[in-house]
Amino acid sequence: SKELAMKEFFLLCLLGVALSAGCTQHQTMWEIARTQLTEQQLSDIEELLSHVPNWNFADEYEVACYGDDIKSRDKSRSEWHYIDIPIWAPGFTPVPWSPPEWNVVSGLEYCISVLQNTAKPDSERAVELAFVIHFLGDIHTPVHTMSRYSDEHPTGDRGGNEFKISYDHYNRNLHQIWDHALDQVAYQKRPLDHYSISYIQKKAQEIMKTYPKEDIDVDFGGDWNNVAQETHQVCVDHCYVGITEGSKPSHTYLMDGWKDLEKLYALAGYRLAEVLKTVFQVINLI
């Protein structure tokens, strides 16, 4: 019926928004990185990205979403977006755990190694560059670095995906609310218009003003495990503190979490810029 068709259309629209809502955060982190790069470096990056096979980026920010967008065609790297480092709930007996072969740490290492290998075709290196830009955001997102084990979730809550909350249509579990910046970064519909680009640029400036590069420790010793552990600690300190399953996050919960999340976004942008500077400096010397 016409009414049923309209309902199905409405649900599909909601689904589309839900699937892409986390991207504005990635675009904001990418904008922070962009401010740290020279025009020549940005030009080199954009030239290489033009070689991503069968893909046209609508603007300079869409590349930050590539890692999620490509899932509609290829899910082979789905596990590369996270690493489920355990959080043991009080009273729960820890069980043996080791990371799977492929996760956001090993994924980043692989992508960077291919990106800086000039013997590889530009098309391959371009894809890895797009993934590096995206995965830098994921490894600085707390719910992408943990899984909490408890009596309610004895096999882990899958980065908070199984920990249900009451908030809105787009934030129905702990993973979603943290993935969506604790509701502190407004979703921007794609393709971005002038207003949306201005919003992302303004939000990036706000974050950098709060956390200037010289005031935070950007160096991580080149070990992505250190970054994953650093991000994981934010979840240990905040994700499950002051909230119970099925409840609505309080304003205090959101604001306390945002303080550390905002710092992680700044670190993601600064570190991404440093990685790309190093990679392209090496490439240009070859």
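Residues numbered from 1 in each chain as written. Predicted model: local features only at pLDDT ≥ 70, side-chain atom pairs only at ≥ 80, totals over all residues. Heavy atoms only, no water.

**Observations concerning the pattern of salt bridges**
Moving on, step 1. As enumerated under the stated definition, the model contains 13 salt bridges in all.
Moving on, step 2. The residue K203 makes a salt bridge to E206 at a minimum N-O spacing of 3.3 Å. Placement of both K203 and E206 in helix α8 (residues 194-210) is noted, with a separation of three residues, approximately one turn of the helix.
Moving on, step 3. Salt-bridge contacts for D256 lead to K259; the nearest nitrogen and oxygen are separated by 4.0 Å. Of this pair, D256 and K259 are both found in helix α10 (residues 251-285), three residues apart, which corresponds to roughly one turn of the helix.
Moving on, step 4. One network of salt bridges, in which partners are shared, links E31, R34 and E46. (Salt bridge = Lys/Arg side-chain N within 4 Å of Asp/Glu carboxyl O. Helix = DSSP H or I, 4+ residues; strand = E, 2+ residues; numbered from the N terminus.)

**Section: the side chain of Q188**
Moving on, step 1. Summarising the element assignment, Q188 is placed in the loop between α7 (174-179) and α8.
Moving on, step 2. The exposure class assigned to Q188 is buried, which follows from its relative accessible area of 6%.
Moving on, step 3. In this structure the side chain of Q188 is engaged in a polar contact, spanning 3.0 Å, whose partner is the side chain of S196.
Moving on, step 4. Once residues within four sequence positions are removed from consideration, Q188 is found in contact with T24, Y195, S196, Y199 and I200. (Buried < 20%, exposed > 50% of the residue type's maximum accessible area, 1.4 Å probe, protein only. Polar contact = N/O pair within 3.5 Å; in protein donor to acceptor, adjacent residues only side chain to side chain. Contact = heavy atoms within 4.5 Å.)

**Considering helix α3 (residues 39-49)**
Since the α-helix packs 3.6 residues into each turn, any two residues three or four apart lie on the same face.
Moving on, step 1. Residues of α3 that are buried include every one of L42, I45, L48 and L49, and no others. Buried residues in α3, looked at end-on, bunch into an arc of 130 degrees, giving them a common side. For α3, the exposed residues set more than 90 degrees away from the buried face come down to E39 and Q40. (Arc of directions from axis to C-beta.)

**Things to note about the confidence of the model for the protein chain**
Moving on, step 1. In this model, the protein chain carries a mean pLDDT of 91, and residues with pLDDT of at least 70 account for 92%.
Moving on, step 2. Every residue in residues 4-21 is under pLDDT 50, and counting partners more than four places away or in other chains gives nine contacts. (pLDDT = per-residue confidence, 0-100.)

**Some details on the packing of α3 against helix α6 (residues 122-138)**
Moving on, step 1. Where α3 meets α6, the axes come as close as 8 Å, and the angle between the chain directions of the two elements is 115 degrees. The segment α3 lies against α6, with I45, L48 and L49 engaging D122, R125, A126, L129 and A130.
Moving on, step 2. Of the residues contributing to the contact of α3 with α6, the split by class is six nonpolar, no polar and two charged. (Axes fitted to C-alpha atoms, helices over the stretch in contact; angles between N-to-C directions. Nonpolar A, V, L, I, M, F, W, Y, C, P; charged D, E, K, R; others polar.)

**Observations regarding the side chain of T24**
Moving on, step 1. Examined against the element boundaries, T24 turns out to sit in helix α2 (residues 23-35).
Moving on, step 2. T24 has contacts with V185, A186, Y187, Q188 and I200, leaving out every residue within four places of it along the chain.

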